[in-house]
Amino acid sequence: MTKQTMSGPWHSPAKLNLFLYITGQRANGYHDLQTLFQFIDCCDQLYFTVTNDNNISLDSQLDFPAEDNLIVKAARLLQQHCAIQQGAAIKLDKHLPMGGGIGGGSSNAATALLVLNHLWQCNLSEQELASLGLQLGADVPIFIHGHSAFAEGVGEQVQAVEIDEPWYLVLHPEVHVSTQSVFGHPELPRNTPKRTWQQLLVENWQNDCQEIVAKVYPEVAQALGWLLEYAPSRMTGTGSCVFAAFDTEREALSVLNKRPKNISGFVCKACNQSPLHRQLANEKTLINTAGF
Ligand SMILES: C[C@](O)(CO)[C@H](O)COP(=O)(O)OP(=O)(O)OC[C@H]1O[C@@H](n2ccc(N)nc2=O)[C@H](O)[C@@H]1O
Ligand SMILES: Nc1ncnc2c1ncn2[C@@H]1O[C@H](COP(=O)(O)OP(=O)(O)OP(=O)(O)O)[C@@H](O)[C@H]1O
């Protein structure tokens, strides 16, 4: 049997929701949103070895079964959709906090779809991968498209945008917030009027989930209250992470270093292009060059 080589590390970046408005609820319970996504350069890393059997395996440090991991679900979905005979041994190096609203699980699923599409030579378009990804989670398509975007619907209607790329200080209160429980909360505002991108661009950005989450989780209220002393701050997604923008890395780090001992956090750079897509673009350039 030929020895298979490992491909990686492949980046799986986090996102922030710079604003998040809930504009309605659908018959199936899902909520219509207007949200602005931006990637940050804080990433998990994934490694892939293509195998000759059709087995999908995952080596991770996570304490729940591989079968429940979105990476395995994504790999199986692509394998079945394209009738691929090969399999993959996948390794995950987890760095992103989970249940923090920075989209780690969705990002891991998107990285698996994009990289395996490349390694298994499935040749699916970005749009086809985004449709597959939507079956795994509302946030997956944005990680497939890989550019800062204004998103509507449940996150599947995306418009790429160019926005400032500041440094962010992200605080992670040590609580895991369930997205499902936030969207199920009876007091969640669900009827924010829809606005155009041009209208939203010039407003003070907010997150409709923030008030409820801060009420239910005092740790989130504490982190937000502390950060607000230094800069305008908001929650991302359904929490628990909160963030503020700074012009320089130095300013962001100096605030991070003053944080209360019970709150963890990190400083990162915003990027309008996903770090994974930068890698994939380089890979394609190398393949093209090798072909000349
Ligand atoms: C809050 C955001 O992170 C903003 O980017 C996303 O909308 C959530 O995306 P996600 O984590 O991929 O969410 P999913 O795994 O699809 O959904 C988790 C649960 O949240 C609820 N949910 C999610 C997204 C949405 N637009 N409306 C909802 O009501 C549903 O009850 C769903 O069962
Ligand atoms: N590869 C994965 N990485 C992280 N979580 C995963 C993964 N696969 C499945 N999950 C499940 O998804 C849950 C939410 O994890 P995730 O890190 O995506 O939260 P999040 O950042 O709040 O996501 P979102 O902003 O999309 O709601 C985890 O608690 C875990 O049970």
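The rules behind these values
Residues numbered from 1 in each chain as written. Chains lettered and ligands numbered in written order. Predicted model: local features only at pLDDT ≥ 70, side-chain atom pairs only at ≥ 80, totals over all residues. UniProt positions renumbered as here; feature names shortened; annotations may be inferred. Helix = DSSP H or I, 4+ residues; strand = E, 2+ residues; numbered from the N terminus. Rg over C-alpha atoms; globule rule 2.2 N^0.38 Å. Buried ≥ 20, exposed ≤ 12 C-beta atoms within 10 Å, placed from the backbone. Contact = placed C-beta atoms within 7 Å. pLDDT = per-residue confidence, 0-100. Axes fitted to C-alpha atoms, helices over the stretch in contact; angles between N-to-C directions. Parallel < 35°, antiparallel > 145°, perpendicular 65-115°, else oblique. Left-handed = near helix turned anticlockwise from the far one by under 90°. Nonpolar A, V, L, I, M, F, W, Y, C, P; charged D, E, K, R; others polar. Near = placed C-beta within 6 Å. Domains from an automatic or database assignment. Core = buried A, V, L, I, M, F, W, Y, C linked by C-beta atoms within 7 Å.

- As annotated in an unreviewed UniProt entry, the chain carries the name 4-diphosphocytidyl-2-C-methyl-D-erythritol kinase and comes from Agarivorans aestuarii.
- As its UniProt record puts it under Pathway (unreviewed entry), the chain is described as follows: "Isoprenoid biosynthesis; isopentenyl diphosphate biosynthesis via DXP pathway; isopentenyl diphosphate from 1-deoxy-D-xylulose 5-phosphate: step 3/6."

### A word on the overall build of the chain
Working step 1: In terms of regular secondary structure, the chain is built from 10 helices and 10 strands.
Working step 2: Relative to the 2.2 N^0.38 estimate, which gives 19 Å for 292 residues, the radius of gyration of the chain is 19 Å and therefore close to what a compact globule would have.
Working step 3: Dimensions of the chain, computed from the C-alpha atoms along their principal axes, are close to 60 × 45 × 40 Å.
Working step 4: Each of the 292 residues in the chain was classed as buried or not, and the buried ones make up 40%.
Working step 5: The long-range fraction of contacts in the chain, counting pairs at least 24 apart against all pairs at least 6 apart in sequence, stands at 73%.

### Some points on the confidence of the model for the chain
Working step 1: Residues of the chain with pLDDT of at least 70 account for 96%, and the chain-wide mean is 94.
Working step 2: Both scores are available for the predicted complex, with the pTM at 0.95 and the ipTM at 0.95.

### Brief notes about the packing of helix 2 (residues 104–119) against helix 3 (residues 126–134)
Helix-helix packing: each pair is described by the crossing angle between the helix axes and the interaxial distance.
Working step 1: Across the interface, helix 2 lies against helix 3 with an axial gap of 10 Å and an inter-helix angle of 140°. Classified by the interaxial angle, the pair formed by helix 2 and helix 3 is oblique. Remark: the crossing between helix 2 and helix 3 carries right-handed chirality. Side by side, helix 2 and helix 3 meet where Ala 109, Ala 110, Leu 113, Leu 114 and Asn 117 of the first sit next to Leu 129, Leu 132 and Gly 133 of the second.
Working step 2: Grouping the amino acids of the contact of helix 2 with helix 3 by side-chain chemistry returns 6 nonpolar, 2 polar and no charged.

### Brief notes about the UniProt feature "domain: GHMP kinase C-terminal" (unreviewed entry) in the chain
Working step 1: Those places that UniProt annotates as "domain: GHMP kinase C-terminal" (unreviewed entry) correspond, in this numbering, to residues 196–259.
Working step 2: Spanning residues 196–259, this segment combines 47% helix with 12% strand, and its end C-alpha atoms are found 37 Å apart.

### Considering the UniProt feature "domain: GHMP kinase N-terminal" (unreviewed entry) in the chain
Working step 1: Within this structure's numbering, the places UniProt gives as "domain: GHMP kinase N-terminal" (unreviewed entry) are residues 69–146.
Working step 2: Annotated as residues 69–146, this span is 55% helix and 9% strand, and its ends, taken at the C-alpha atoms, are 21 Å apart.

### A closer look at the site of ligand 1
Working step 1: Around ligand 1 lies a shell of 19 residues, among which His 31, Gly 137, Ala 138, Phe 183 and Gly 237 are the nearest.
Working step 2: Split by domain, the residues of the shell around ligand 1 number at least three in each of domain 1 (7–161) and domain 2 (167–271).

### Overview of the nonpolar core
Working step 1: The biggest cluster of nonpolar side chains holds 73 residues, and the ones touching the most others in it are Ile 71, Ala 75, Ala 112, Leu 113 and Tyr 168.
Working step 2: At 9 residues, the largest contribution of residues to this core is made by strand 2 (residues 31–51).
Working step 3: For this core, the two domains that each supply at least three residues are domain 1 (7–161) and domain 2 (167–271).
Working step 4: Those residues in contact with Ala 112 that sit more than four places away from it in its chain are Leu 46, Ile 71, Ala 74, Ala 75 and Ile 90.

### Re the site of ligand 2
Working step 1: Near ligand 2 lie 18 residues; those nearest to it are Leu 70, Gly 104, Gly 105, Asn 108 and Gly 237.
Working step 2: Sorting elements by how many residues they give to the shell around ligand 2 places helix 2 first, with 4 residues.
Working step 3: Looking at the shell around ligand 2, its residues break down into 5 nonpolar, 12 polar and 1 charged.
Working step 4: Residue-level mapping places the shell around ligand 2 at the junction of two domains, with at least three residues from each of domain 1 (7–161) and domain 2 (167–271).

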